[in-house]
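Secondary and tertiary structure notes
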Amino acid sequence: MRTLVISDLHLGSALGRDVLRRPVPLALLCEAVAGVDRLVLLGDTVELLDGRPRRALAQARAPLGALGRALGRDGEVVLVPGNHDHALIRTWLRRRRADGRPLGLATRVPVSGTTTLQDVVAALRPARVRVHYPGTWLAAGTYATHGHYVDRHLLPRARGVLARGPLAVLPEHGARAEDYERAGGPSLDAMGSAVSVELPDALAEVVDVATDGLRRASIAAAPAISSLLRTDALAPLTAGALGYQFRRAGLPAMAAVATALGIRAREIVFGHLHRAGPLPGDEPVDWRPGGTGPRFYNSGSWVYEPLLLTGAAPPHPYWPGGAVLLEHGAAPRLLTLLDGVDPADL
């Protein structure tokens, strides 16, 4: 079975930076999808945080439908929600917790789990769809997860403090997925999700509206800020700083998640941080922190971010179009499907 893993499509983004709303990137991805047996959508498929969910879902239907048709009836989609599309499973997760049922590493989610999830599954027809959370096993020894649990490890660790709630310090070993679901990371999105999942539906909606209002305020300010800054000058500096932090903090944080949850894998594929890799020129040791344990692969994103890419050209670690290909008997291989695309088409 040939498997293609992509993540962070952010379909329906309020700022319009999701490249699959444009014909050239969508056609190239559909061409790649037509040559595989299974497509893994590894989180943040639909942008359900920075705009009205109905609008985002409406904008997502066309690209999702194109991917489903490219796979055909014999193809399979494995959907793994992330933090920006956590609403796909939130009420299902709340019901499961109320029933006292634990969340495993690759729990199967019924496709009828929420009405929003049903909409996404319907859009992907005629392909068959399975849903797993917080991750899925792609093969023996190969695990895939969106990667948003790394946020919790990016906060400074308070020595000797083990509090309850969203700022709890997680154990280095023996953690459960529920511990991460209750513990928000250093972002408004993660904190809002962590808080609302614990609340009844009515109160959860209040939290979502409040965080959405704050998020919209920051989005509204973005064009004004961009006009005051020379984006072409800032992009290399921003990308360089993020790349340094990815190596210094992001990959070790993902290794900490794997250790805490006891993920016994040779390879772990994740997204979330939008930094595709390993790329040619990357230090192999960076992608296996500590020299032991699993080797990591990041599927990049399908978002064109001017603050990182204005004036840049591929190959570039934050260029959209990343994917990870898995074939029987071979190690995962990173693909950069949009490196030949003119920025004007993104």
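Residues numbered from 1 in each chain as written. Predicted model: local features only at pLDDT ≥ 70, side-chain atom pairs only at ≥ 80, totals over all residues. Heavy atoms only, no water.

Focus on the overall build of the protein
Counting secondary structure elements, the protein contains 10 helices and 10 strands. Per-residue burial for the protein yields a buried fraction of 52% across its 346 residues. Looking at the protein alone, contacts between residues at least 24 apart form 72% of all its contacts between residues at least 6 apart. Of the accessible surface of the protein, which amounts to about 15,400 Å², a share of 57% is contributed by carbon and sulfur atoms. (Helix = DSSP H or I, 4+ residues; strand = E, 2+ residues; numbered from the N terminus. Buried < 20%, exposed > 50% of the residue type's maximum accessible area, 1.4 Å probe, protein only. Contact = heavy atoms within 4.5 Å. Areas by Shrake-Rupley, 256 points an atom, 1.4 Å probe, with all protein chains shown as cover.)

Topic: helix 4 (residues 115-123)
Looking at helix 4, one finds that the buried residues are T116, L117, V120, V121 and A123. Relative to the axis of helix 4, the buried residues are bounded by an arc of 160° and lie together on one face. Those residues of helix 4 that are buried lie in contact with helix 2 (53-71), strand 3 (76-79), strand 4 (106-109) and strand 5 (128-139). (Arc of directions from axis to C-beta.)

Observations regarding the packing of aromatic side chains
Taken as a whole and judged by the stated rule, the model has 4 aromatic pairs. Between Y149 and Y180, the aromatic rings sit 4.6 Å apart at their centres with planes inclined by 10°, giving stacked as the arrangement. Here Y149, found in the loop between strand 6 (142-145) and helix 5 (150-153), pairs with Y180, found in helix 6 (residues 177-182); they are 31 residues apart in sequence, far enough to count as distant. We note that Y149, like Y180, is buried. With 6.0 Å between their ring centres and 90° between their planes, Y304 and W319 make a pair best called edge-to-face. Here W319 lies in the loop between helix 10 (306-309) and strand 9 (322-326) and Y304 lies in the loop between strand 8 (295-298) and helix 10, a separation of 15 residues in the sequence. (Phe/Tyr/Trp six-rings, centres within 6.5 Å; stacked < 30°, edge-to-face > 60°.)

Let's talk about the pairing of strand 2 (residues 38-41)
Neither face of strand 2 is open: one carries R38 and V40, the other L39 and L41, and all of them are buried. The β-α-β motif built from strand 1 (residues 3-6), the intervening helix 1 (residues 23-33) and the parallel element strand 2 has right-handed crossover chirality. Two strands pair when backbone bridges link them, and strand 2 and strand 3 are joined in this way by 4 bridges, in the parallel orientation. By the bridge assignment, L41 is partnered in strand 3 with L79. (Right-handed = clockwise from strand over helix to strand, strands pointing away. Pairing = 2+ DSSP bridges.)

Re helix 1
For helix 1, the complete set of buried residues consists of P25, L26, L29, C30 and V33. Each buried residue of helix 1 sits inside an arc of 130° when the element is viewed along its axis, so together they form one side. Turned more than 90 degrees away from the buried face of helix 1 sit P23 and E31, all of them exposed. Turning to helix 1, the residues buried within the fold contact strand 1, strand 2 and helix 2.

Focus: the environment of L338
With respect to the secondary-structure elements, L338 resides in the segment after strand 10 (333-336). A C-alpha to C-alpha distance of 7.8 Å links L338 and W319, two positions 19 residues apart in sequence. Among all residues touching L338, those that are not within four sequence positions of it are V19, P25, L28, W302, W319, P320, G321 and L346.

Focus on the nonpolar core
The biggest cluster of nonpolar side chains holds 72 residues, and the ones touching the most others in it are L4, I6, L41, L64 and F296. Top element by residues in this core is helix 9 (residues 231-261). It accounts for 9 residues. What L41 contacts, discounting residues up to four positions off in sequence, is I6, L9, L64, V77, V78, L79, V80 and L124. If you look at the next biggest cluster of nonpolar residues, it comprises 14 residues, including V40, L138, A144 and Y297. (Core = buried A, V, L, I, M, F, W, Y, C linked by side-chain atoms within 4.5 Å.)

Points about the packing of helix 1 against helix 2
Following both chains from N to C, one finds helix 1 and helix 2 inclined at 30°, their axes separated by 8 Å at the closest point. The angle between helix 1 and helix 2 places the two elements in the roughly parallel class. Seen along the crossing, helix 1 lies across helix 2 with a hand that is right-handed. Within the contact between the two elements, helix 1 uses L26, L29, C30 and V33 and helix 2 uses P63, A66, L67, A70 and L71. By residue class, the composition of the contact of helix 1 with helix 2 is 9 nonpolar, no polar and no charged. (Axes fitted to C-alpha atoms, helices over the stretch in contact; angles between N-to-C directions. Parallel < 35°, antiparallel > 145°, perpendicular 65-115°, else oblique. Left-handed = near helix turned anticlockwise from the far one by under 90°. Nonpolar A, V, L, I, M, F, W, Y, C, P; charged D, E, K, R; others polar.)

Some words on the pairing of strand 6
Burial along strand 6 is two-sided: T142 and A144 and Y143 and T145, pointing in opposite directions, are all buried. As paired strands, strand 6 and strand 7 (residues 267-270) are joined by 4 bridges and run parallel to one another. The partner of T142 across the bridge, within strand 7, is E267.

What to know about the pattern of salt bridges
Across all of its chains, the model carries 9 salt bridges by this definition. Of the charged contacts in the structure, one is a salt bridge between E327 and R2, with a shortest N-O distance of 2.9 Å. With a gap of 325 residues between them, E327 in the loop between strand 9 and strand 10 and R2 in the segment before strand 1 connect regions that are remote in the sequence. Between R128 and E76 there is a salt bridge, with the nearest N and O atoms lying 3.9 Å from each other. A residue pair is termed long-range when its members are at least 10 positions apart, and R128 in strand 5 and E76 in strand 3 qualify at 52 residues. (Salt bridge = Lys/Arg side-chain N within 4 Å of Asp/Glu carboxyl O.)

Quick word on the confidence of the model for the protein
Atom-level detail of predicted coordinates should not be read off regions where pLDDT is low. Per-residue confidence for the protein gives a mean pLDDT of 84, with 77% of residues at or over 70. Note on residues 158-164: pLDDT is under 50 here. Beyond four places in sequence and across chains, it has 5 contacts. Contacts from residues 184-199, a stretch scored under 50 in pLDDT, to residues over four places away or in other chains number 47 contacts. (pLDDT = per-residue confidence, 0-100.)

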